[in-house]
Amino acid sequence: MTSIHVTDPAKAHAFYTDILGFETLMAMPEYNLFIVKSKDPADKAGLLLEPSDHPLAKAYMEGLHQEGHAMIVFGVSSVQEEYERLVSLGVVFNQEPQEGPDGSISAILNDTVGNFVQLHQD
């Protein structure tokens, strides 16, 4: 399991499941606890949507956001297809799909809960 700090775990859960396509691994709203996972059965990693109420976490998160850096990177089979699908759902991108010097393709979106998320295709 890994975690990502978010400003609102319940809102993050909705975005990560309804928009990005993750599925719920655990949801305990009474404890502000939400964990999502990939729909791919081979991918067993969970992603904890962690409240950003700790001062160090909040400062780190805000610093990355101000610099425009992605907090987390998700691999996808086609960045262009995901970009088009997400734009049609109203997702805001800070960087449209771009090819890097190594031939990889990436795009950066705003997850609405304090983070930029990079989509990456090798």
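*Asks:* So what's going on with helix α2 (residues 55-67)? Residues and values would help.
*Replies:* Count 3.6 residues to each turn of an α-helix, and residues three or four apart come out pointing the same way. Helix length check: α2 (13 residues) gives 18 Å between terminal C-alpha atoms against 18 Å at 1.5 Å per residue, within 8%. Where α2 is concerned, the buried positions are A57, M61 and L64. Buried residues along α2 cover an arc of 65 degrees about the axis, so they all sit on one side. Seen from the open side of α2, the exposed residues pointing more than 90 degrees away from its buried face are P55, L56, Q66 and E67. Residues of α2 that are buried make contact with β1 (2-6). Immediately downstream of α2, the backbone of G68 shows phi near 80 degrees, a positive value.

*Asks:* If you had to explain the sheet that holds strand β4 (residues 46-51) to someone new, which residues and values would you point to?
*Replies:* Within the open sheet, the four strands sit side by side as β1-β4-β3-β2. Their pairing is mixed. Here the strands that pair on one side only, and so sit at the sheet edges, are β1 and β2 (23-28). Taken over all neighbouring pairs, the strand axes of this sheet differ in orientation by 25 degrees on average, direction set aside. Looking at chain direction, β2 and strand β3 (residues 33-37) are connected through five bridges and run antiparallel. Across the sheet, the residue bridging to M28 is L33, located in β3. Together, β1, β2, β3 and β4 form the strand contacts of helix α1 (residues 9-19), whose direction differs from that of β4 by roughly 150 degrees.

*Asks:* Report on helix α3 (residues 79-88), specifying residues and quantitative values.
*Replies:* Within α3 the residues assigned to the buried category are V79, E82, Y83 and L86. Relative to the axis of α3, the buried residues are bounded by an arc of 105 degrees and lie together on one face. Among the exposed residues of α3, those oriented more than 90 degrees off its buried face are E81 and S88. The elements touched by buried residues of α3 are α1, β6 (93-99), β7 (105-110) and β8 (116-121).

Rules used throughout
- Residues numbered from 1 in each chain as written.
- Predicted model: local features only at pLDDT ≥ 70, side-chain atom pairs only at ≥ 80, totals over all residues.
- Heavy atoms only, no water.
- Helix = DSSP H or I, 4+ residues; strand = E, 2+ residues; numbered from the N terminus.
- Expected span 1.5 Å × (residues − 1).
- Buried < 20%, exposed > 50% of the residue type's maximum accessible area, 1.4 Å probe, protein only.
- Arc of directions from axis to C-beta.
- Contact = heavy atoms within 4.5 Å.
- Pairing = 2+ DSSP bridges.
- Axes fitted to C-alpha atoms, helices over the stretch in contact; angles between N-to-C directions.

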